[in-house]
Amino acid sequence: MLNAKDNNKQGTSLVGNSQADGNRSMLQFKVVYWGPGESGKTTNFIRLREKFSYIKLNKGYSIQTTDGRTLWQDSFFLSFNFTTKEKLYNVIVQIVTCTGQERFLSTREYVLDGADGIIFVGDSNPDKIEENKRSFRELISFAKSNRIPYVVQLNKRDVKNAVSINDFKKQLDLPAEEKYKDETLVVYPSIAVKGEGVMKCFEDLLVQILKHFFNR
Ligand SMILES: Nc1nc2c(ncn2[C@@H]2O[C@H](COP(=O)(O)OP(=O)(O)OP(=O)(O)O)[C@@H](O)[C@H]2O)c(=O)[nH]1
Ligand SMILES: [Mg+2]
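Residues numbered from 1 in each chain as written. Chains lettered and ligands numbered in written order. Predicted model: local features only at pLDDT ≥ 70, side-chain atom pairs only at ≥ 80, totals over all residues.

Novice: For the overall build of the protein, give the residues involved together with the corresponding values.
Specialist: When you go through the protein residue by residue, the secondary structure sums to six helices and eight strands. Mapped in sequence order, the helices and strands of the protein form the string α-β-β-α-β-β-β-α-β-α-β-α-β-α. Burial status across the protein gives 37% buried among its 216 residues. Of all intrachain contacts in the protein linking residues separated by at least 6 positions in sequence, the fraction that spans at least 24 positions is 69%. (Helix = DSSP H or I, 4+ residues; strand = E, 2+ residues; numbered from the N terminus. Buried ≥ 20, exposed ≤ 12 C-beta atoms within 10 Å, placed from the backbone. Contact = placed C-beta atoms within 7 Å.)

Structural data, given as structure tokens:
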């Protein structure tokens, strides 16, 4: 939930509302789920869409191959009110996932275009280490050069022999600490199939996007 705890922490308020109002300023952001093939990007997307059903603007769509892999992208929009410094904004967020399949690399560049924030979804399977590293390098080169906020999620924490969070951090060259100075996690553990960890990661990224926007 976009809840009171986060609101107080940031001195802001987020209230679900899909009614656009001509008197408010409108802001639009795009959040992209990025990561290696079959790490769980579409599963995150589906869980998020369920949890946000009360502020969803449209049903969204998924473009998949016949075996359920993302061919192009999944996409839906949500809308909520956001107050900061006593000014009210109507915020629209487009949430998209890109395909993890390397043969469709060119479509990923299109999906990333215009991104305001990125969630990297890593895979806990020990045989996915190299794919995690390769995909994360791609993301870093894009996000750093465009100064886009991103968060790192380590999904499939339920699998047998899951890589430890510390090893995953070493492989991706991430800080060993649990949290950054702003209290956000260096790695967000998740089990997207059960919906665990999906919301927290998304909300923390959203707060970073808003801070990045208002502090420019
Ligand atoms: N065990 C386990 N399986 C998961 C989890 N999240 C997703 N999966 C499974 O992983 C497979 C791939 O999930 P998707 O969400 O389609 O992965 P994706 O990253 O969108 O894949 P591409 O679009 O092909 O890149 C599916 O069979 C999911 O059910 C999880 O937390 N744990
Ligand atoms: Mg997918």
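Novice: An account of unusual backbone geometry is needed here, citing residue identities and associated values.
Specialist: You will see that Lys 156, though not glycine, has its phi angle at about 60°, which is positive. Along the chain, Lys 156 turns up in the loop between strand 7 (150-155) and helix 5 (165-172). One non-glycine residue, Asp 173, lies in positive phi territory at about 65°. Looking at the element boundaries, Asp 173 is found in the loop between helix 5 and strand 8 (188-189). For Asp 173, a count of 10 C-beta atoms within 10 Å translates into the label exposed.

Novice: How would you summarise the pairing of strand 6 (residues 117-123) if you had to cite specific residues and measurements?
Specialist: Burial analysis of strand 6 places seven of its seven residues in the buried class, which makes it a mostly covered element. Burial of the side chains of strand 6 extends over both faces: Gly 117, Ile 119, Val 121 and Asp 123 are buried on one face and Ile 118, Phe 120 and Gly 122 on the other. Bridge count for strand 2 (residues 25-34) against strand 6 is four bridges, and the pairing is parallel. Directly across from Val 32, in strand 6, lies its bridge partner Ile 118. Here six bridges tie strand 6 to strand 7, and the two strands are oriented parallel to one another. When the bridges of strand 7 are listed, Phe 120 appears paired with Val 152. Running through helix 4 (residues 129-146), the crossover from strand 6 to the neighbouring parallel element strand 7 is right-handed. (Pairing = 2+ DSSP bridges. Right-handed = clockwise from strand over helix to strand, strands pointing away.)

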